[in-house]
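Reading the structure
The chain contents come next:
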Amino acid sequence: MPLLQWKPSYSVGIEAVDHEHKELIDLINQLYGELMAKGEPLTASAFFGDLIKAISAHFALEERFMLERGYDQLSQHKADHERLLDEILAIMDDFESDEATSRDDLAARLDAWFSRHFETHDARLHKALGTHPH
Ligand SMILES: [Fe+2]
Ligand SMILES: [Fe+2]
């Protein structure tokens, strides 16, 4: 089972942005698949490293776009990005003591964060400024 499932509440209402978020979720699921695979497993620390890298790359793109365009809620938006990365780091710390619970926790937190962040901060950003260039 994938770690995350796309759902309507993730939508920002702009197809190109939803597409990009779907790609991010696919990538996260792919990494999770490698973590769970038997045989040649991705280690937990490599998994978290790659997960954070993928999410950070997406955030960096948005933050650069907001900065270039003088977006009025850059600091609030950025703070919410940072909050998620802090949560992931905290889950990573818990991982060694209780792997199964930490995995469930990661899935639940990512899901809740994506629903809320995409629906609020990202929807506002992309409605105001459109889609950022790649
Ligand atoms: Fe986004
Ligand atoms: Fe964002």
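Higher on the page you've got the structure.
Residues numbered from 1 in each chain as written. Chains lettered and ligands numbered in written order. Predicted model: local features only at pLDDT ≥ 70, side-chain atom pairs only at ≥ 80, totals over all residues. Heavy atoms only, no water.

**Re the coordination of the iron ion (ligand 1)**
Looking at the iron ion (ligand 1), one finds its protein donor set to be His21 (NE2), His58 (NE2), Glu62 (OE) and Asp122 (OD), positioned 1.9 to 2.3 Å from the metal centre. Geometry at the iron ion (ligand 1) is irregular, judged from the 4 donor atoms that bind it and their angles of 85 to 167° at the metal. Sequence positions of the donors to the iron ion (ligand 1) reduce to the motif H-x36-H-x3-E-x59-D. In this structure the iron ion (ligand 2) is found 3.8 Å away from the iron ion (ligand 1), and Glu62 serves as a bridging donor for the pair. Of the two residues, His21 sits in helix 1 (residues 15–36) while His58 sits in helix 2 (residues 44–68), which places them 37 residues apart along the sequence. As far as burial versus exposure is concerned, His21 and His58 are alike and both buried. (Donors = N, O, S within 2.8 Å, 3.2 Å for Na, K, Ca; no water. Tetrahedral: all angles 85-135°; square planar, octahedral: opposite > 155°, others 65-115°. Helix = DSSP H or I, 4+ residues; strand = E, 2+ residues; numbered from the N terminus. Buried < 20%, exposed > 50% of the residue type's maximum accessible area, 1.4 Å probe, protein only.)

**A short note on the coordination of the iron ion (ligand 2)**
Each donor-metal-donor angle in an ideal tetrahedron of four donors is 109.5 degrees, and each such angle in an ideal octahedron of six donors is either 90 or 180 degrees. Surrounding the iron ion (ligand 2) are the protein donor atoms Glu62 (OE), His77 (NE2), His81 (NE2), His117 (NE2) and Asp122 (OD), at 2.0 to 2.2 Å. As a motif over one chain, the donors of the iron ion (ligand 2) read E-x14-H-x3-H-x35-H-x4-D.

**With respect to the packing of aromatic side chains**
As enumerated under the stated definition, the model contains 9 aromatic pairs in all. Note on Tyr10 and Phe118: the rings are 5.9 Å apart at their centroids and 85° apart in plane angle, and the pair reads as edge-to-face. Here the residue Tyr10 occupies a position in the segment before helix 1, and Phe118 occupies one in helix 4 (residues 99–129), the gap between them amounting to 108 residues. Ring centres 5.2 Å apart and planes at 70° place the aromatic pair Phe47 and Phe48 in the edge-to-face group. As far as the burial class goes, Phe47 and Phe48 line up, both buried. Every member of this aromatic cluster is reached through a ring pair, and the members are Trp6, Tyr10, Phe59, Trp113, Phe114 and Phe118. The aromatic ring of Trp6 is capped on one face by Lys22, whose charged end is 4.8 Å from the ring centroid. (Phe/Tyr/Trp six-rings, centres within 6.5 Å; stacked < 30°, edge-to-face > 60°. Lys NZ or Arg CZ within 6 Å of the ring centre and 35° of its normal.)

**What about the packing of helix 3 (residues 74–95) against helix 4?**
In contact at an axis separation of 10 Å, helix 3 and helix 4 are set at 175° when each is read in the N-to-C sense. On the basis of their axis angle, the class for helix 3 and helix 4 is roughly antiparallel. The residue inventory of the contact of helix 3 with helix 4, partitioned by class, reads 8 nonpolar, 6 polar and 10 charged. (Axes fitted to C-alpha atoms, helices over the stretch in contact; angles between N-to-C directions. Parallel < 35°, antiparallel > 145°, perpendicular 65-115°, else oblique. Nonpolar A, V, L, I, M, F, W, Y, C, P; charged D, E, K, R; others polar.)

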